[in-house]
Amino acid sequence: MNIPTGAAALVTPTLPRPASDPAAAITRGVRRYLADHGIQGMVEFCLANGRRADLLCLSEKGEVSIVEVKSSPTDFKTDQKWQDYLEFCDYFYFAVAPDFPQELIPAECGLIVADAFGAEIVRPAVARPVPAARRKALTLRVALAAMGRLHRVEDPARAL
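Since we're looking at a predicted model, the values are computed, not measured.

Could you clarify how one ought to interpret the sheet that holds strand 4 (residues 91-96) in this entry?
The pairing of strands in a sheet comes from backbone hydrogen bonds and takes either a parallel or an antiparallel form. The strand order across the open sheet built from six strands is 1-2-3-4-5-6, with neighbouring strands paired in mixed fashion. The sheet is open, and its two borders are formed by strand 1 (39-46) and strand 6 (118-123), each paired with just one other strand. Across this sheet, the average inter-strand angle for adjacent strands is 30°, counted without regard to direction. Direction of pairing for strand 5 (residues 110-115) relative to strand 6: antiparallel, over a ladder of five bridges. Across the sheet, the residue bridging to Ala-114 is Ala-119, located in strand 6.

Is there a simple way to think about the packing of aromatic side chains in this case?
The relative placement of two aromatic rings is captured by the distance of their centres and the angle of their planes. Under the criterion given, the structure shown has five aromatic pairs. Both rings, one in Phe-76 and one in Phe-94, keep their centres 5.4 Å apart while their planes meet at 75°; by these two values the pair is edge-to-face. Of this pair, Phe-76 sits in helix 3 (residues 73-78) while Phe-94 sits in strand 4, and the two are 18 residues apart along the sequence. There is no split in this pair, since Phe-76 and Phe-94 are both buried. Centroid distance Phe-92 to Phe-94: 5.1 Å. Interplanar angle 85°. Geometry classified as edge-to-face. Taken together, the ring pairs connect Phe-76, Trp-82, Tyr-85, Phe-92 and Phe-94 into an aromatic cluster.

Where do I start with the state of the cysteines in this structure?
Taken as a whole and assessed by the stated rule, the structure comprises zero disulfides. No disulfide involves Cys-109; its sulfur sits 9.3 Å from the nearest other cysteine sulfur, which is in Cys-89. Take Cys-109: its relative accessible area is 1%, and that puts it in the buried class.

Hey, could you run me through the pattern of salt bridges in this one?
When charged atoms on two side chains of opposite charge get close, those side chains can pair. Taken as a whole and judged by the stated rule, the model has nine salt bridges. Between Lys-70 and Glu-68 there is a salt bridge; the shortest N-O distance is 3.0 Å. Each member of the pair, Lys-70 as well as Glu-68, is classed as buried. Notably, a salt bridge pairs Arg-134 with Glu-87, separated by 3.2 Å at the nearest N-O pair. On the criterion of sequence distance, the pair formed by Arg-134 in helix 4 (residues 132-154) and Glu-87 in the loop between helix 3 and strand 4 is long-range, its members being 47 residues apart. A single salt-bridge network, built from bridges that share partners, covers Glu-68, Lys-70, Asp-75, Asp-79 and Lys-81.

About the thresholds
Numbering of residues starts from 1 in every chain and runs along the sequence as written. Reporting of local features is limited, given that this is a predicted model, to residues whose pLDDT is at least 70; pairs of side-chain atoms are given and counted only at 80 or more, and all residues count toward the totals for whole chains, interfaces and linings. The side-chain figures draw on all heavy atoms in the structure; neither hydrogens nor water molecules are used. Two strands qualify as a pair provided that DSSP identifies no fewer than 2 bridges between them. Numbering of helices and strands runs from the N terminus; a helix is a DSSP stretch of H or I covering at least four residues, while a strand is a stretch of E covering at least two. Angles run from 0 to 180 degrees between N-to-C directions of axes, and those axes are lines fitted to C-alpha atoms, restricted for helices to the stretch in contact. Any Phe, Tyr or Trp ring, taking Trp's six-membered ring, that has another such ring centre within 6.5 Å forms a pair; planes under 30 degrees apart are called stacked, those over 60 apart edge-to-face, and the others tilted. Only protein chains enter the accessibility calculation, which uses a 1.4 Å probe; a residue is then buried when its area is under 20% of its type maximum, exposed when over 50%, and partly exposed in between. The disulfide criterion used throughout: a pair of cysteine sulfur atoms within 2.5 Å. Each reported salt bridge corresponds to a side-chain nitrogen of Lys or Arg within 4 Å of a carboxyl oxygen of Asp or Glu.

See below:
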């Protein structure tokens, strides 16, 4: 069997976030909302450029969304790498708690407000179609990462 280079990076996420982490509550609510709308998300997904998306999502149509979770204004102001995600998604969103000052979020980005139980899209993301070759490569990375994560759950003593 030919093992792809860098495969370990596809299956070594930082999971799960502690329940006390405010970002975990936001992430949970966003995932619930998206799942209810036919979109599945994977947390802490490592992109080909080395950046780690808080939540990478695939729709039934194969559209890719990235959701960057911001738990506080300080978190947002000190972490300005969001533009590095744009080449890997059709839609880019920030997800924040209900008490987050929404005016901080750039107008060109989608905005989701969430708590631990659900979410709402306050501002839709602008569509930026991913080129076909990148979409194919990204979808393959997602599939490999998902299978690796599932393997670790199903067989923790043997997982990669």
